[in-house]
Amino acid sequence: MNILNNELLEHFSFLKLTQENPMNLSTVLKVKHNNCLISLLDTGVLQIEPAIASSTDIVISSGIHGNETAPIEICDQLVKDILTGTLAVKNRLLFIIGNPPAMNSGKRFLDENLNRLFCEKHLGKKHPEAERAGLLEKYVRDFYLASDTQTTEAQTSMSTRERCHFDLHTAIRTSKYEKFAIYPYQDGRGWNKRYLNFFKESDINTVLLAHQPAGTFSYFSSHEFQANAFTVELGQVKPFGENDMDSFSSLMVNLKSLINDQYIACEKFDSNGFNLFKVDDEVIRQSELDFSLNIDSSLSNFTEFPLGFQLTTDDNGGYKFASEGQAIVFPNAKVPPGQRVALIVSKTSI
Ligand SMILES: [Zn+2]
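Residues numbered from 1 in each chain as written. Predicted model: local features only at pLDDT ≥ 70, side-chain atom pairs only at ≥ 80, totals over all residues. Heavy atoms only, no water.

Let us now look at the pairing of strand S8 (residues 206–209). When a strand is regular, its side chains alternate between the sheet's two faces. The alternating pattern of S8 places Thr206 and Leu208 and Val207 and Leu209 on opposite faces, both of which are buried. Pairing of strand S7 (residues 180–183) with S8 involves three bridges; the strand directions are parallel. Looking at the pairing, Ile182 lines up with Leu208 of S8. A crossover connection joins S7 to the parallel S8 through helix H6 (residues 193–201); in handedness this β-α-β unit is right-handed. Here S8 runs beside strand S10 (residues 275–284); their pairing, made up of four bridges, is parallel. Residue pairing in the sheet places Val207 in a bridge with Leu276 of S10. (Buried < 20%, exposed > 50% of the residue type's maximum accessible area, 1.4 Å probe, protein only. Helix = DSSP H or I, 4+ residues; strand = E, 2+ residues; numbered from the N terminus. Pairing = 2+ DSSP bridges. Right-handed = clockwise from strand over helix to strand, strands pointing away.)

Dropping the structure here:
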């Protein structure tokens, strides 16, 4: 307990504490600090609740892929600013470093891609990432539902509370649009333009609208709790210490504004200077031996291909581009048969 106290409240380092305790913590640290209740629920799971909370419950997660260090440094900096009193907290917060053992190994994952295991896709699997997905689901569930209990007690309408979740990532590849967000499938709900404005103002000028349910952390929060949840890609993967933190300054400013409840959301969205993409198709690998992905390994996300281009060779004939103006996102040949090789996307408007 002293080590936890020491790292968090003397050195203010959520990252160092998580690096030094990569496996599940057996104790929960709860302390009052700067008029907030700070609860370290598990390794890499830190809940911060102001004595009087405004109406937004915010989850900021990072390191779901262990080697994506910039998002972890963003969470660490925000926690530091809060613990040192530089940043006032007005909304309830849950900070997450998703996969500490993979982070310590400098790897995307150890057994299985954690961001395919949410929405109960971890059930029946017995490895640390499956267990972690189940635990992260529980912490997010408890976080969002606890505020329901509180609002009921305060006899406030549940509908007045807002939930949001920013699951921060960096990508394996470069991207034609350096930073972009993926807006999970909304199960029939509409796209919330206030958050498109949030991204635009945060120098994230591209949003990809997902077309179906997924096993991602952001879809979990969106689907189960109707949170305004997003997977946010912040550039290319780099080791700790090599990230240009200045390139996240607009996002930091806006996250801080949300945290201290100063952010003014604009309902009217101007799509000028903004790229909206929709998913047209998903390329799935079929065979183990007869498969190839026919692109340069350094290809950027959102690169367009001509109609008819043979993207993959596979035992079902492979994938050919079927329309003009289509581009690919997240191409990855190193997946087993049955898994996604790439998304095929095209520009859209809402
Ligand atoms: Zn990632």
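Here the narrative resumes.
Moving on, we come to the coordination of the zinc ion. Bound to the zinc ion are the protein donor atoms His65 (ND1), Glu68 (OE), Glu68 (OE) and His169 (ND1), situated 2.0 to 2.3 Å from the metal. Taken together, the four donor atoms coordinating the zinc ion and their angles of 58 to 146° define a geometry best described as irregular. When the donors of the zinc ion are listed by position in the chain, the intervening gaps give H-x2-E-x100-H. Linking His65 in the loop between strand S4 (56–62) and helix H3 (69–83) with His169 in strand S6 (residues 162–171), this pair joins segments that are 104 residues apart in sequence. Just as His65 is buried, His169 falls in that class too. (Donors = N, O, S within 2.8 Å, 3.2 Å for Na, K, Ca; no water. Tetrahedral: all angles 85-135°; square planar, octahedral: opposite > 155°, others 65-115°.)

Counting buried residues in strand S5 (residues 92–97) gives six out of six residues, a clear majority hidden from the surface. Neither face of S5 is open: one carries Arg92, Leu94 and Ile96, the other Leu93, Phe95 and Ile97, and all of them are buried. The pairing of strand S3 (residues 45–50) with S5 spans four bridges and is antiparallel. Bridge assignment links Val45 to a residue of S5, and that residue is Ile96. Note: S4 against S5, six bridges, orientation parallel. Each residue of the ladder has a partner; that of Ile60, found in S5, is Phe95.

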